[in-house]
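Observations on chain architecture
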Amino acid sequence: MFYQLMKHVLLGPLLKLLFRPRTEGLENVPEEGAAIVAGNHLSFSDHFLMPVVLDRRITFLAKQEYFTGPGLRGRLTAAFFRAAGQIPVDRSGKEAGKAAIREGLGVLARGELLGIYPEGTRSHDGRLYKGKVGVAVMALTAGVPVVPCAMVGTFEIQPPGKVVPRIRRVTIRFGKPLDFSRFAGATDQRAVVRAVTDEIMYEILRLSGQEYVDEYAAVVKAVERDDGSPAEEPPRPER
């Protein structure tokens, strides 16, 4: 109920008015049945702008920090994400990753859309980073298609560290659903789940036109912090 109220009455119309999102390939999102929408992650705004353009409800695996932030802002953010039915994900280790996969499979078992950012965290510099294999494990286990999605322009409107987004038009592209049924039952084969993940990331890259980095975003962020170089507010890359 709250999700529909926010999308169609309180927040959705305002976001459409301000950011006038262009959509490409919206017909590639299945009208019914379980599917994964896997996208790049450039901005906090991604959580709101992608759902606004979809006809169906989508449930995201959201980082646990959104539910545990301090102060009034933290409480409001947590209340919003809980009311919208989003699922908190602990990213602290292997067991936490397994729990996230179980939660995601529960969404798919109900025949719903599951949203996931395979990079595991927001890009701090606008580039596309190596995907984590959880998206492949869920796709192969549930036997569902994966729709690649590219958010274009959201880094420019709200890069890391910026609270109030700039008012600019953004584009959201959806690629053709990827069918991995040929790999059914191969979730225990590391080479297979890596290959499936890389195929998904390639399609996101093709849609977004970003520069690709074959390393995990979280690792690169940590290295930059250790080096003393800025990891939160880098210069915006050329497009």
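1. Overview of the overall build of the protein chain
A tally of regular secondary structure across the protein chain gives nine helices and nine strands. Whereas a compact globule of 239 residues would reach a radius of gyration of roughly 18 Å, the protein chain reaches 17 Å, a difference of no more than 12%. Dimensions of the protein chain along its principal axes, counting C-alpha atoms only, are 45 × 45 × 35 Å. Burial statistics for the protein chain: of 239 residues in total, 49% are counted as buried. When the accessible surface of the protein chain is split by element, carbon and sulfur atoms take 54% of a total near 12,000 Å². Each charge class in the protein chain was averaged separately, 33 positive and 28 negative side chains, and the resulting centres sit 5 Å apart.

2. Considering the pattern of salt bridges
Going through the model one piece at a time under the given rule, you end up with seven salt bridges. Residue Arg127 pairs with Glu211 through a salt bridge whose shortest N-O separation is 3.5 Å. Pair noted here: Arg127 is in the loop between β5 (113-116) and β6 (128-129) and Glu211 is in the loop between α8 (190-208) and β9 (212-213), with a separation of 84 residues, a long-range link. Since its relative accessible area comes to 22%, Arg127 is described here as partly exposed. With a shortest N-O distance of 2.9 Å, Glu203 and Arg206 are connected by a salt bridge. Taken as a pair, Glu203 and Arg206 lie in helix α8 at a separation of three residues, close to a single helical turn.

3. Considerations on the packing of aromatic side chains
Counted according to the given criterion, the structure contains two aromatic pairs. When the centroid spacing of 5.3 Å and the interplanar angle of 65° are considered together, the rings of Phe44 and Phe48 count as edge-to-face. Between Phe60 and Tyr117, the aromatic rings sit 5.4 Å apart at their centres with planes inclined by 20°, giving stacked as the arrangement. Separated by 57 residues along the polypeptide, Phe60 in strand β3 (residues 58-63) and Tyr117 in the loop between β5 and β6 bring together distant segments of the chain. Tyr117 matches Phe60 in its accessibility class, with the two residues each being buried.

About the thresholds
Residues numbered from 1 in each chain as written. Predicted model: local features only at pLDDT ≥ 70, side-chain atom pairs only at ≥ 80, totals over all residues. Heavy atoms only, no water. Helix = DSSP H or I, 4+ residues; strand = E, 2+ residues; numbered from the N terminus. Rg over C-alpha atoms; globule rule 2.2 N^0.38 Å. Buried < 20%, exposed > 50% of the residue type's maximum accessible area, 1.4 Å probe, protein only. Areas by Shrake-Rupley, 256 points an atom, 1.4 Å probe, with all protein chains shown as cover. Lys, Arg positive; Asp, Glu negative; His and termini not counted. Charge placed at Lys NZ, Arg CZ, Asp CG, Glu CD. Salt bridge = Lys/Arg side-chain N within 4 Å of Asp/Glu carboxyl O. Phe/Tyr/Trp six-rings, centres within 6.5 Å; stacked < 30°, edge-to-face > 60°.

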